[in-house]
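Examining the three-dimensional arrangement
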Amino acid sequence: MENKTNKTNVIPIVVMILLFGMISFVTNLASPMGDILKNQFTIPNWQGTLGVFANFIAYALMGIPAGNLLQRRGYKTTALIAVAVGFAGVGVQLVSGLVGSFGVYLAGALVAGFSMCLLNTVVNPMLNRLGGGGNRGNQLIQYGGTFNSLCGTAVIVITGLLIPSIVDARISDTFPLMYTAMAIFALAFVVILFTRIPESGDSGAGKAAAGSFRDLFGYRHFVLGAIAIFIYVGVEVGTPNILNKWLQNPELDILSDTLDDDDIAASVTGFYWLLMLVGRLIGGVVGAKVSARRMLSVAASAAVVLVLLAIFIPASVKVHFLGFNGAQGFGFNLIPLSAALLVCVGLCTSVMWGGIFNLAVEGLGSNTERASGLFMALVCGGGILPLAMNAVVDIVGPAGYQPSYWIVVAGFAYILFYALAGSKPTGRGAKTV
């Protein structure tokens, strides 16, 4: 019976993992777009980050409605709506390149963010449930995260290849990526339409949602986990975002020994996402044997150490690092040791999403779909914390890049607290874990 069930779930699992990849593809495009916007419209760092902010603030606006939609209409309908909205969002961003409008681009980023929120609301509880929760559920989320990281790495590296000079870049330079995203969304819509997606017994078309969001606040481990998600997404996005800007800053000229500063900066940042892929793949392999709590504790501890070292080690201390030299291809280049350490943080952040989500929803039962919606609302941290980090840089000046990472240190410290103590269920959840 178990084997039959596993075979039946293969197609839904594959579909959810593919959607996981689309989330990263569209979301990560917003980061290099910030550099393009900054130069095309001559705006400060924090305004260039508004595209990322719009993409993530959409989660705050859509998270709870997405949870309600999932609870009432089910996984398949929610996924179809999410894919259609994603197609529209990328389409609006494409139009912004045609008309050269910063405002239109931000509108497109907001609409795309609505889609990413809806997709995240679907894929996380679905993969966790298809795996039966516990270690197996965490394992499937880590595998989904692996493909997520692959797409995230690809979009950063390809953007670097499409844009030889970030100073002269325009939104229209990224059209090939936007066309690709729209094509994938269209294909995903057709595949989902004809795929049987198993629904929760407590959701489905025409069924009223039981309980309310207030019920979730009776679970201490969920509330603290929701805060951890807010912080996690912020530091996950903020770490490579500031790293890329730091390496590209013409005043600092950190990569003076390289052949092409912009290509090297993009490829170094791309390695951050590549290491997230590696870490998630490892997390998926060991996820069935190692608890989410232990995995999260180790990752958060290592992240704190790496970022602290990156803050205190001077940028003048350099190491050889593999990067892309434009027409010269790949080769080793001198980059700050601090930058290399920040790239390694990708290994730590790789397993955090799955671990936090898995721990936070344990014992929620029929409230899981609604909890996923509230989780998604707090993903807006991915827009708020990077904005704060960029504001530090604008206030302090070029010397503010490394100090801005104190925000990241504080974030990882909280995640470590959650792993060690905050994730232990009390009250209602204590009996079910």
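Everything discussed here concerns the structure shown above.
Here the structure is a predicted model, which means the values were calculated and not measured.

**Here's the deal with the nonpolar core**
One finds Leu19, Met352 and Phe412 to be the most contacted residues of the largest nonpolar core, which totals 134 residues. In terms of residue count, the dominant contributor to this core is helix 2 (residues 10-40) (15 residues). Excluding its chain neighbours within four sequence positions, the residues that come into contact with Met352 are Tyr232, Leu296, Ala299, Ala300, Ala303, Phe412 and Ile415.

**What to know about the packing of aromatic side chains**
This model, assessed by the stated rule, comprises ten aromatic pairs. For the pair Phe312 and Trp406, a centre-to-centre distance of 5.8 Å together with 80 degrees between the ring planes defines the contact as edge-to-face. Of this pair, Phe312 sits in helix 10 (residues 292-312) while Trp406 is found in helix 15 (residues 406-422), placing the two residues 94 residues apart along the sequence. Site record: aromatic cluster; members linked through ring pairs are Phe222, Phe357 and Phe375.

**Section: the packing of helix 8 (residues 220-248) against helix 11 (residues 337-349)**
Their axes nearest at 11 Å, the elements helix 8 and helix 11 cross at an angle of 155 degrees. Between helix 8 and helix 11, the crossing angle belongs to the class labelled roughly antiparallel. Between helix 8 and helix 11 lies a crossing of left-handed hand. The segment helix 8 lies against helix 11, with Tyr232, Glu236, Thr239, Leu243, Trp246 and Leu247 engaging Ser338, Ala339, Leu342, Val343, Val345 and Thr349. Looking at side-chain class alone, the contact of helix 8 with helix 11 contains eight nonpolar, three polar and one charged residues.

Rules and cut-offs
Residues numbered from 1 in each chain as written. Predicted model: local features only at pLDDT ≥ 70, side-chain atom pairs only at ≥ 80, totals over all residues. Heavy atoms only, no water. Core = buried A, V, L, I, M, F, W, Y, C linked by side-chain atoms within 4.5 Å. Buried < 20%, exposed > 50% of the residue type's maximum accessible area, 1.4 Å probe, protein only. Helix = DSSP H or I, 4+ residues; strand = E, 2+ residues; numbered from the N terminus. Contact = heavy atoms within 4.5 Å. Phe/Tyr/Trp six-rings, centres within 6.5 Å; stacked < 30°, edge-to-face > 60°. Axes fitted to C-alpha atoms, helices over the stretch in contact; angles between N-to-C directions. Parallel < 35°, antiparallel > 145°, perpendicular 65-115°, else oblique. Left-handed = near helix turned anticlockwise from the far one by under 90°. Nonpolar A, V, L, I, M, F, W, Y, C, P; charged D, E, K, R; others polar.

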